[in-house]
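This is what each chain is made of:
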Amino acid sequence: MSSGEQKKLQRQEVLARLRAIPATTREEYSARLRGLLSPHLEGASKTIALYYPLAHEVNLLPLPQEYPQHHFAFPRCMPGRQLQFHHVTAPDTQMEPGLMGIPAPAPHLPIIAAEDFDIIIVPGVAFTHTGARLGYGGGYYDTYLPRCPRAKVLAAAYTWQLLADLPTEAHDKLIPLILTP
């Protein structure tokens, strides 16, 4: 079985597991993970990349309200598997349907340059303790992260997203810090 086929199979298995978790459990774990992010978000103004969570993902949407001193940006998927991040102050009102129906920032919002990020919080389907990440298969973050040389890159993940091993390819970027409850 090829690496791509292995990734697809693992992605399906983990997503099925995540979708089966009760909403109340996901909310509880998301709150704990926001607490674990706190030491990374304290202090002076920072520019932080977030993502709009799908129903089965860790919900970090309260962070802009909890840390108003920071500038938060959300991704918009662009042609050529590129990401463009826009400054968002109110995710509830400044997002619109994007690629595959995933909420994305309105295109008129200010763009944040890749080199301006202090922290990038990356979504994913599964992770390993050594930083391997299984995304959704588009390669958007693998393409974007090399453009952010000074950013601290991390992920917040449910325990159910941690696997002992994941197939990786040369273009897959490791996530140096993965927070779990």
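Basis of the calculations
Residues numbered from 1 in each chain as written. Predicted model: local features only at pLDDT ≥ 70, side-chain atom pairs only at ≥ 80, totals over all residues. Heavy atoms only, no water. Disulfide = S-S within 2.5 Å. Buried < 20%, exposed > 50% of the residue type's maximum accessible area, 1.4 Å probe, protein only. Core = buried A, V, L, I, M, F, W, Y, C linked by side-chain atoms within 4.5 Å. Contact = heavy atoms within 4.5 Å. 1 Å grid on protein atoms, 1.4 Å probe; cavity = no way out; pocket = protein on both sides within 12 Å on 5 of 7 lines; lining within 4 Å. Points joined across faces, edges and corners; volume = space filled by probe spheres on them. Nonpolar A, V, L, I, M, F, W, Y, C, P; charged D, E, K, R; others polar. Helix = DSSP H or I, 4+ residues; strand = E, 2+ residues; numbered from the N terminus. Expected span 1.5 Å × (residues − 1). Pairing = 2+ DSSP bridges. Axes fitted to C-alpha atoms, helices over the stretch in contact; angles between N-to-C directions. Arc of directions from axis to C-beta. Phe/Tyr/Trp six-rings, centres within 6.5 Å; stacked < 30°, edge-to-face > 60°. Lys NZ or Arg CZ within 6 Å of the ring centre and 35° of its normal.

Q: Quick question: what am I supposed to make of the state of the cysteines here?
A: Disulfide: a covalent bond formed between the sulfur atoms of two cysteine residues. Tallied over the entire structure, the rule returns 0 disulfides. Here Cys-77 is not disulfide-linked; the sulfur of Cys-148 is the nearest cysteine sulfur, at 15 Å. Look at Cys-77 and you get partly exposed, because its relative accessible area is 35%.

Q: Looking at this model, I keep getting lost on the nonpolar core. Mind explaining?
A: In terms of nonpolar packing, the biggest core is built from 56 residues, with Leu-63, Phe-117, Ile-120 and Ile-121 touching the most fellow members. If near-sequence neighbours (up to four positions away) are discounted, Leu-63 is found in contact with Arg-34, Leu-37, Leu-41, Leu-50, Phe-72 and Ile-121.

Q: When you look at empty space enclosed by the protein in this model, what are you seeing that I'm missing?
A: Under the defined criterion, the tally for this structure stands at 1 cavity of 30 Å³ or more. The calculated volume of the largest cavity comes to roughly 40 Å³. For the lining of the largest cavity, the residue count by class is 6 nonpolar, 2 polar and 1 charged.

Q: In this structure, what is going on with helix 2 (residues 23-41)? I would like to understand it.
A: Residues separated by three or four positions in an α-helix point in the same direction, a consequence of the helix having 3.6 residues per turn. The end-to-end C-alpha separation of helix 2 is 26 Å, in line with the 27 Å expected for 19 residues at 1.5 Å each. Buried residues along helix 2 sit against helix 1 (3-19), strand 1 (47-49), helix 3 (63-66), strand 7 (119-121), strand 10 (152-156) and strand 11 (177-179). In the stretch just after helix 2, Gly-43 is the one whose phi turns positive, near 100°.

Q: In this structure, what is going on with the layout of surface pockets? I would like to understand it.
A: To find the voids left in a structure, one rolls a probe of water-molecule size over its atoms. The computed volume of the largest pocket comes to approximately 740 Å³. Along the walls of the largest pocket sit 34 residues, with Arg-133, Tyr-136, Gly-137, Gly-138 and Tyr-140 positioned nearest its centre. Of all the elements in the fold, those that place two or more residues in the lining of the largest pocket are helix 1, strand 2 (71-78), strand 5 (103-105), strand 9 (133-134) and helix 4 (140-144). No other element matches the 4 residues that helix 1 contributes to the lining of the largest pocket. For the lining of the largest pocket, the per-class residue count stands at 17 nonpolar, 7 polar and 10 charged.

Q: I keep staring at the sheet that holds strand 10 and nothing clicks. Help me out?
A: As a general point, the strands of a sheet are linked pairwise by backbone hydrogen bonds and lie either parallel or antiparallel. One open sheet accounts for 7 strands, arranged 6-3-2-1-7-10-11; its pairing is mixed. A strand with exactly one partner marks an edge of an open sheet, and here the two such strands are strand 6 (111-112) and strand 11. Summarising the sheet, strand 1 and strand 7 pair through 2 bridges and their orientation is parallel. Each residue of the ladder has a partner; that of Ala-49, found in strand 7, is Ile-120. Sheet strands touched by helix 2: strand 1, strand 7, strand 10 and strand 11. Its angle to strand 11, the strand with the most contacts, is close to 140°.

Q: Explain helix 1 to me, please; I cannot follow it from the model alone.
A: For helix 1, built from 17 residues, the straight-helix expectation of 24 Å at 1.5 Å per residue is met to within 8% by its first-to-last C-alpha distance of 24 Å. Along helix 1, the positions that sit buried rather than exposed are Lys-7, Arg-11, Val-14, Leu-15 and Leu-18. When helix 1 is viewed along its axis, its buried side chains cluster within an angular range of 100° and face the same direction. Contacts from the buried residues of helix 1 go to helix 2, strand 8 (126-127) and strand 9.

Q: Could you clarify how one ought to interpret the packing of aromatic side chains in this entry?
A: Aromatic rings in a pair are described by how distant their centres are and how their planes are angled relative to each other. Applying the stated rule across the entire model yields 6 aromatic pairs. Considering the side-chain rings of Tyr-29 and Tyr-158, the 6.4 Å spacing of their centres and the 70° angle between planes classify their relative orientation as edge-to-face. A residue pair is termed long-range when its members are at least 10 positions apart, and Tyr-29 in helix 2 and Tyr-158 in the loop between strand 10 and strand 11 qualify at 129 residues. For the pair shown, Tyr-29 and Tyr-158 are each scored as buried. Cation over ring: Arg-32 sits above Tyr-29, and NZ or CZ is 4.8 Å from the ring centre.

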